[in-house]
Amino acid sequence: MKLGTSLLNAVERAGNRLPDPVTIFLVLILVVMIASAIAAGFGLSATHPINGSEIAAQNLFSSENIQRLLTSMPATLTSFTPLGMVLVVMLGAGVAERAGLFGAGLRSLVRVVPAVLLTPTLAFAGIMSNLAVDAGYVVLIPLGGIVYAAAGRHPIAGMATTFAGVSAGFSANLVISSLDPLLLGITQQSAQFLVEDYPLNIAGNYYFTTAVTPVLVVVISLISWFVIEPRLGQWTPPEDFAHADGDDTGLSDKEKKGLGYAGIALLASIVAIIALVWPSGILVDPDNALNTLTPFFNSIVSLTFVVFLIIGIAYGVGAGTIRSDRDAVGMAAKGMQDMGLYIVLAFAMAHFITLFSWSNLGLLTAIGGGDLLGMLNLPAPILMVIMVLMVAVLNLFIGSASAKWALIGPVLVPILMLQGISPEAATLAYRMGDQATNIITPLMPYMPLVLVFAKRYDPEFGLGSLIATMLPYSLGILVSSLALLGIWFALGLPIGPDVSFFYDMPAGITAE
């Protein structure tokens, strides 16, 4: 334990000696531009595994790319997807928070939920939140900190627990999420390079992703209890920290009245949302056979904003904290004030990701990694482990799960099929490697947002502190996912309805 703590402390110290995250991304932009010029100078290129086109490294110092950078700078920021999501949700959440709803509601929750279940509840809620795509990052992670603070525990531990569930548990769930048809659709195309009529089964990973959910809840909870909370110690609020609730978990009559109003508003909102999707509401797409609820999932962020706004205003009216429309507008404006640092971070990060994409260095890395794995010609179990580890490392540089799979899937799926591993099992191995390192890469679009939230509780909490805090979760999730994959492989258990871990190639198809 002492050795592990020393290593984490070393990671934290090294990370916190780095410049401000904004400066880091600006330096990375320069590094990528120089690397792109070198790669282009050597003529680095590869063949796209899907369409056969030639992908070459692009020199970002070329006059064309410099012009492109300067003319598209405003659009690069405004088209940065996480920025829009964060600002929209925080408009509603700012009203709910400053009206007092979060404080009163969470203090009430702390009184109801046993202390021993608080951590697993946050971890489970985080995992299940991937049904709402990325909304969990914006909504649940700050709530995790508030819940822990209300319970008298270190709020950053609560945020870390929730962050681990939301991000590292992105490929676990008790129901089929929007990620399943997305990834397995790519898998089907990849498998059809060998078997032309290979069918699509969007439930092809369902049994395993369901089974890994409670495993990850337990792993995340144990790490929070025995590693993170002892390491963080007792939280002492900063001198300028404003927490209206203090340590008092009691509720005044006005707060109870406000919660009553908010409960009625929440119930009405839920009924309205159900009406939008059931049985054939305006947020249903009957023409989409794979997922008729695609419009609903795409509306989660907007719906979250509306619900927060409605219940926040309802609480404020009941509790007396909102007496006019000016109060609500002022609360929303103050909520945006806290987002100033994130907007600056988003500017630097959006341009780094955009330039990295223009350079084609990420694509070339992914294709090269897939080709290398194919050349190893190892036994299937070892190949699966290497694949999980390779994807976990690759994920540190290319964040999009679908983009990576679209590049390496067409290479890896046929290779593993010829080794007797089903395409669905290959997808599963990919997902387990991809999810494990989401929480330790600075390139993850929501990492700066989490850092901004953490600084509310500890102004000295830097990027190194965040990575050191999340590293035990990353390693624990990676090891437990690999272990469960090994058990599934050894027992030959089905990983989905009518889907085996193993695959028998049709007669006549062999490795060349």
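Here the structure is shown first, and the text comes after it.
What counts and how
Residues numbered from 1 in each chain as written. Predicted model: local features only at pLDDT ≥ 70, side-chain atom pairs only at ≥ 80, totals over all residues. Heavy atoms only, no water. Phe/Tyr/Trp six-rings, centres within 6.5 Å; stacked < 30°, edge-to-face > 60°. Helix = DSSP H or I, 4+ residues; strand = E, 2+ residues; numbered from the N terminus. Buried < 20%, exposed > 50% of the residue type's maximum accessible area, 1.4 Å probe, protein only. Lys NZ or Arg CZ within 6 Å of the ring centre and 35° of its normal. Axes fitted to C-alpha atoms, helices over the stretch in contact; angles between N-to-C directions. Parallel < 35°, antiparallel > 145°, perpendicular 65-115°, else oblique. Left-handed = near helix turned anticlockwise from the far one by under 90°. Contact = heavy atoms within 4.5 Å. Nonpolar A, V, L, I, M, F, W, Y, C, P; charged D, E, K, R; others polar. Salt bridge = Lys/Arg side-chain N within 4 Å of Asp/Glu carboxyl O.

A. Molecular detail of the packing of aromatic side chains. In the structure shown here, the tally under the stated rule is 12 aromatic pairs. With centroids separated by 5.8 Å and ring planes inclined at 15 degrees, the aromatic side chains of Phe 352 and Phe 356 adopt a geometry described as stacked. Here Phe 352 pairs with Phe 356, and both are found in helix α16 (residues 340-359), just four residues apart, close to one helical turn. The interplanar angle of 50 degrees and the centroid separation of 6.0 Å between the aromatic rings of Phe 501 and Phe 502 together place this pair among those described as tilted. On the accessibility criterion, Phe 502 (35% relative accessible area) is partly exposed. Clustering of aromatic rings is evident, with ring pairs tying together Phe 25, Phe 352 and Phe 356. Over the ring of Tyr 148 we find Arg 153, and its NZ or CZ is 4.4 Å from the ring centre.

B. Region of interest: the packing of helix α5 (residues 81-99) against helix α15 (residues 325-337). Relative to each other, α5 and α15 sit at 120 degrees, their axes nearing to 7 Å. In terms of axis orientation, α5 runs oblique to α15. Crossing of α5 over α15 shows right-handed handedness. In contact with Leu 87, Met 90, Leu 91, Gly 94, Val 95, Arg 98 and Ala 99 of α5, α15 contributes Ala 328, Met 331, Ala 332, Lys 334, Gly 335 and Met 336. Residue composition of the contact of α5 with α15, by class: nine nonpolar, two polar and two charged.

C. Geometry of the pattern of salt bridges. Scanning all chains against the criterion turns up four salt bridges. Across the pair Glu 97 and Arg 456 runs a salt bridge whose closest N-O atoms are separated by 3.9 Å. Here Arg 456 lies in the loop between α21 (447-455) and α22 (463-491) and Glu 97 lies in helix α5, a separation of 359 residues in the sequence. Overall, the relative accessible area of 25% leaves Arg 456 in the partly exposed class. Beyond isolated ion pairs, a larger network of salt bridges with shared partners links Glu 97, Arg 98 and Arg 456.

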